[in-house]
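Here are the chains, one letter per residue:
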Amino acid sequence: QKEVEQNSGPLSVPEGAIASLNCTYSDRGSQSFFWYRQYSGKSPELIMSIYSNGDKEDGRFTAQLNKASQYVSLLIRDSQPSDSATYLCAGSSSGGSYIPTFGRGTSLIVHP
Amino acid sequence: DAGVIQSPRHEVTEMGQEVTLRCKPISGHDYLFWYRQTMMRGLELLIYFNNNVPIDDSGMPEDRFSAKMPNASFSTLKIQPSEPRDSAVYFCASSSLANEKLFFGSGTQLSVL
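No experiment lies behind these values; they were computed from the predicted model shown. (Residues numbered from 1 in each chain as written. Chains lettered and ligands numbered in written order. Predicted model: local features only at pLDDT ≥ 70, side-chain atom pairs only at ≥ 80, totals over all residues. Heavy atoms only, no water.)

A. Spotlight on the nonpolar core. Counting 22 residues, the largest nonpolar core has A:Trp35, A:Val72, A:Leu74, A:Ile76 and A:Tyr87 as its most contacted members. Elements represented by at least two residues in this core include exactly β3 (19-25), β4 (33-38), β5 (45-50), β7 (61-66), β8 (71-76), β9 (85-92) and β11 (106-111) of chain A. With four residues, the single largest contributor to this core is β3(A). Setting aside chain neighbours within four positions, we find A:Leu74 in contact with A:Ala19, A:Ser20, A:Leu21, A:Trp35, A:Ile47, A:Met48, A:Phe61, A:Thr62, A:Ala63 and A:Tyr87. B:Val4, B:Trp34, B:Phe49 and B:Leu77 belong to the second largest nonpolar core, which has 21 residues in total. (Core = buried A, V, L, I, M, F, W, Y, C linked by side-chain atoms within 4.5 Å. Buried < 20%, exposed > 50% of the residue type's maximum accessible area, 1.4 Å probe, protein only. Helix = DSSP H or I, 4+ residues; strand = E, 2+ residues; numbered from the N terminus. Contact = heavy atoms within 4.5 Å.)

B. Molecular detail of empty space enclosed by the protein. Residue and element names in this part refer to chain A. Using the criterion set out here, one finds one cavity of 30 Å³ or more in the structure. Along the wall of the largest cavity there are ten residues; nearest its centre are Val-4, Asp-27, Ser-30, Gly-91 and Thr-101. Here the lining of the largest cavity is composed, by residue class, of two nonpolar, five polar and three charged. (1 Å grid on protein atoms, 1.4 Å probe; cavity = no way out; pocket = protein on both sides within 12 Å on 5 of 7 lines; lining within 4 Å. Points joined across faces, edges and corners; volume = space filled by probe spheres on them. Nonpolar A, V, L, I, M, F, W, Y, C, P; charged D, E, K, R; others polar.)

C. Looking closely at the interface of chain B and chain A. With 19 residues of chain B at the contact, the number on the chain A side is 17 residues. Of the roughly 1,400 Å² buried where chain B meets chain A, counting both sides, 58% is carbon and sulfur surface. Linking chain B to chain A there are zero salt bridges. Taken together, the links from chain B to chain A amount to six residue pairs in polar contact (both at pLDDT 80 or more). Of all the secondary-structure elements, those providing two or more residues to the side of chain B that touches chain A are β4 (31-38) and β5 (42-50) of chain B. Ranked by the residues each element gives to the side of chain B that touches chain A, the list is headed by β5(B), at four residues. When its residues are assigned to classes, the side of chain B that touches chain A shows eleven nonpolar, five polar and three charged. (Buried area = accessible area lost by both parts, 1.4 Å probe. Salt bridge = Lys/Arg side-chain N within 4 Å of Asp/Glu carboxyl O. Polar contact = N/O pair within 3.5 Å; in protein donor to acceptor, adjacent residues only side chain to side chain.)

D. Looking closely at the layout of surface pockets. Empty space within the largest pocket amounts to approximately 1,400 Å³. What lines the largest pocket is a set of 49 residues, among which A:Gly103, B:Arg41, B:Gly42, B:Leu43 and B:Glu44 lie closest to the centre. Elements supplying a minimum of two residues to the lining of the largest pocket: β1 (4-5), β9, β10 (100-102) and β11 of chain A together with β4, β5, β9 (88-95) and β11 (108-112) of chain B. Top contributing element to the lining of the largest pocket by residue count: β5(B), with six residues.

E. Representation of the sheet that holds β1(A) within the structure. Residues and elements named next belong to chain A. Taken in spatial order, the five strands line up as β1-β3-β8-β7-β6 in an open sheet, and their pairing is antiparallel. The outermost strands of the open sheet, each flanked by one partner alone, are β1 and β6 (54-58). One ladder, built from six bridges, connects β7 with β8; its direction is antiparallel. Residue Phe-61 lies in a different strand from β8, and its bridge partner there is Ile-76. (Pairing = 2+ DSSP bridges.)

F. Local environment of the pattern of salt bridges. Residue and element names in this part refer to chain B. Counting across every chain of the model gives eleven salt bridges over all chains. Ionic pairing is found between Arg-64 and Glu-62, a salt bridge with its closest N-O pair at 2.8 Å. On the basis of relative accessible area, Glu-62 is assigned to the partly exposed category, the value being 27%. Here Glu-83 ties to Arg-64 by a salt bridge, and the two come within 3.5 Å at their closest N and O atoms.

Everything listed here is a matter of coordinates, which is why it stays silent on function.
What follows is the structure in structure tokens.
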């Protein structure tokens, strides 16, 4: 069973702080990783994708990938109350289909 | 483009009734996915299509669930007969490539009483 694991949270951080969201995956052959943000009652939307080891930055968001440790993280700098949402980690399956498998998500609360 | 369009947004039905969920993917996208989301199990892949052909339906919970994609612009997910444990949010998503960004519809909130 190929799994993507996340701490369900909630992770609570003060406004302006760095929020760190973590994810581990079991399929060593996974090549692509994604972070989706899902506001309550809404559908998931992609905020970051990462394909190679290291860091990838986009505005206030940084995705980090460590394939040796099978670990993916998302850092949100200068967290805002509008960042409060559930963050879903997804990894593409190996074996040719490349269909993403989602973790159950981490709830982030940014309080003023 | 209007994005992925799902209908209905909400469906309330009684146990034993047939339920049909509908999805229109983004034009030009070759992949269509049906997901189910619950608090307990998160976002689960039920089935996906490539160029209108079902590729993997191993996530479909049982024979009560069926999905079709008669053409590139329309797909249905049918539950017959429905049961209370089918209550969940059902999302349809599409993408141009399998391992690229998924575009999700607004979802159908299904409640089976």
